[in-house]
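Understanding the architecture of this molecule
Given next are the chains, with one letter for each unit.
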Amino acid sequence: VGAVGGVLAAKELVPLEYKHLLGGPRLMVDLKTGMLAELILSFLITFSILLVIFKGPKSKFSKNWLIVFATVTVFRLGSSYTGPSLNPANVIITLVY
């Protein structure tokens, strides 16, 4: 709720000559499919990062590389549904506005 309120407040406070620069990801599927995609992708990214942190290699370099790889992979998987954001507040507020 706070994120949606912040986005709405920011959209109201931006001067009129810069409103055309505002944009964001668009929901490219229906709302139920988008919400399901957000749920599954958020679970995947959280689970993969926790797996790397607790069961991954000891090397900090390898851990960081695996976390980056997992994050980029999940973002690429979800980009056809919600754009590259994985932020439900950002996607839904652009749908409402």
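Residues numbered from 1 in each chain as written. Predicted model: local features only at pLDDT ≥ 70, side-chain atom pairs only at ≥ 80, totals over all residues. Heavy atoms only, no water.

**Considerations on the overall build of the protein**
Check the secondary structure of the protein and you find four helices and zero strands. Secondary structure of the protein in N-to-C order comes out as α-α-α-α. Classification of the 97 residues of the protein by burial places 22% in the buried group. In the protein, of all internal contacts separated by at least 6 residues, the share reaching a separation of at least 24 is 69%. By element, 72% of the accessible surface of the protein is carried by carbon and sulfur atoms, the whole surface being about 7,000 Å². (Helix = DSSP H or I, 4+ residues; strand = E, 2+ residues; numbered from the N terminus. Buried < 20%, exposed > 50% of the residue type's maximum accessible area, 1.4 Å probe, protein only. Contact = heavy atoms within 4.5 Å. Areas by Shrake-Rupley, 256 points an atom, 1.4 Å probe, with all protein chains shown as cover.)

**Side note on a nonpolar patch on the surface**
A contiguous nonpolar surface patch, about 790 Å² in accessible area, is contributed by L36, L39, I40, F43, L44, F47, L51 and L77. If you tally residues by element for the nonpolar patch, the top one is helix α2 (residues 31-55), at seven residues. Its location among the elements puts L44 in helix α2. Here L44 falls in the partly exposed class, since its relative accessible area comes to 35%. (Patch = residues over 30% accessible without salt bridge, like charges linked within 9 Å, V, L, I, M, F, W, Y side chains within 5 Å. Salt bridge = Lys/Arg side-chain N within 4 Å of Asp/Glu carboxyl O.)

**Considering the environment of V52**
Relative to the helices and strands, V52 resides in helix α2. Relative accessible area serves as the criterion here: at 11%, V52 is assigned to the buried category. When neighbours within four sequence positions are excluded, V52 is seen to be in contact with K63, L66 and I67.

**With respect to the confidence of the model for the protein**
Summarising the model, the protein shows a mean pLDDT of 78, and 77% of its residues fall at 70 or more. Mean pLDDT across the elements of the protein bottoms out in helix α4 (residues 88-96) (54) and peaks in α2 (86). (pLDDT = per-residue confidence, 0-100.)

**Brief notes about α2**
Taking 1.5 Å per residue, 25 residues should reach 36 Å; α2 reaches 35 Å between its end C-alpha atoms and fits that length. For α2, the full list of buried residues reads G34, A37, E38, L41, I45, S48 and V52. (Expected span 1.5 Å × (residues − 1).)

**Points about the side chain of T71**
Along the chain, T71 falls in helix α3 (residues 60-82). In contact with T71, not counting residues within four places along its chain, are I45 and I49.

**Details of the environment of M35**
Relative to the assigned elements, M35 resides in helix α2. Distance from M35 to Y81, taken between C-alpha atoms, is 9.5 Å for residues 46 residues apart in sequence.

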